[in-house]
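Residues per chain, in single letters:
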Amino acid sequence: MKKAVCTILSLLLVFAFLCGCGNFKPSYTGRAVITKGGDCLIIMRGTPTVMINSSDDDGLFSDVHTGDLIKIKHANEIMESYPPQVNVFSCKVVSSGTADDVDEKALDTLISMGWEFE
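Just so we're clear, the structure is a prediction, and the values are computed from it rather than from any experiment.

Asker: Is there a simple way to think about helix α2 (residues 104-112) in this case?
Answerer: Owing to its 3.6 residues per turn, the α-helix aligns residues three or four sequence positions apart on the same side. Among the residues of α2, A106, L107 and L110 are the ones counted as buried. Looking straight down α2, one finds its buried side chains confined to an arc of 100°; they lie on one side. In α2, the exposed positions angled more than 90 degrees off the buried face are occupied by E104, K105 and S112. Buried-residue contacts for α2 involve β1 (27-34), β2 (40-44) and β3 (47-53). Residue G114 follows α2 closely and has a positive phi angle near 95°.

Asker: Before we go on, may I ask you to explain the nonpolar core in this structure?
Answerer: For soluble globular proteins, nonpolar side chains are generally found buried alongside one another. Among the nonpolar cores identified, the biggest contains 15 residues, and M51, I70 and I72 are the most heavily contacted of them. When contributions to this core are tallied by element, the ones reaching two or more residues are β1, β2, β4 (69-79) and β5 (85-95). Setting aside residues no more than four positions away along its own chain, I70 makes contact with Y28, T29, G30, A32, I42, M51, V64, C91, K92, V93 and V94. Judged by nonpolar contacts, the second largest core, of nine residues, contains V33, I43, V102 and A106.

Asker: Would you take a moment to explain the side chain of T49 for this structure?
Answerer: By the secondary structure assignment, T49 is in strand β3. Its relative accessible area of 2% is what places T49 among the buried residues. At 3.2 Å, the side chain of T49 forms a polar contact with the backbone oxygen of T47. When neighbours within four sequence positions are excluded, T49 is seen to be in contact with C40, L41, I42, M44, P84, Q85 and V86.

Procedures and definitions
Residues numbered from 1 in each chain as written. Predicted model: local features only at pLDDT ≥ 70, side-chain atom pairs only at ≥ 80, totals over all residues. Heavy atoms only, no water. Buried < 20%, exposed > 50% of the residue type's maximum accessible area, 1.4 Å probe, protein only. Helix = DSSP H or I, 4+ residues; strand = E, 2+ residues; numbered from the N terminus. Arc of directions from axis to C-beta. Contact = heavy atoms within 4.5 Å. Core = buried A, V, L, I, M, F, W, Y, C linked by side-chain atoms within 4.5 Å. Polar contact = N/O pair within 3.5 Å; in protein donor to acceptor, adjacent residues only side chain to side chain.

What follows is the structure, encoded as structure tokens:
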């Protein structure tokens, strides 16, 4: 009897753990770049990364401006395109900024790829 109870409790704990892990979305904080075409990018580890709105909020990036320090929650998958892309579920402006706050090398990379920004 004890063995059956322990087995059931163990299975319930494993199930609860797995269900809780499914809702985890990692966060990242970086500088935003808004393109003239309206795309919103974040500089992730020195690399400009296109943010794809995967939330139910159509205005997810409406308060974001080039140079702002933003914190995003994303799907933990960086699509291997050039530039990379990431699915974003939430975006919060941590502090305002300007283009001067964005890493110059990242901006040069965008310019060399033909991107124009605010």
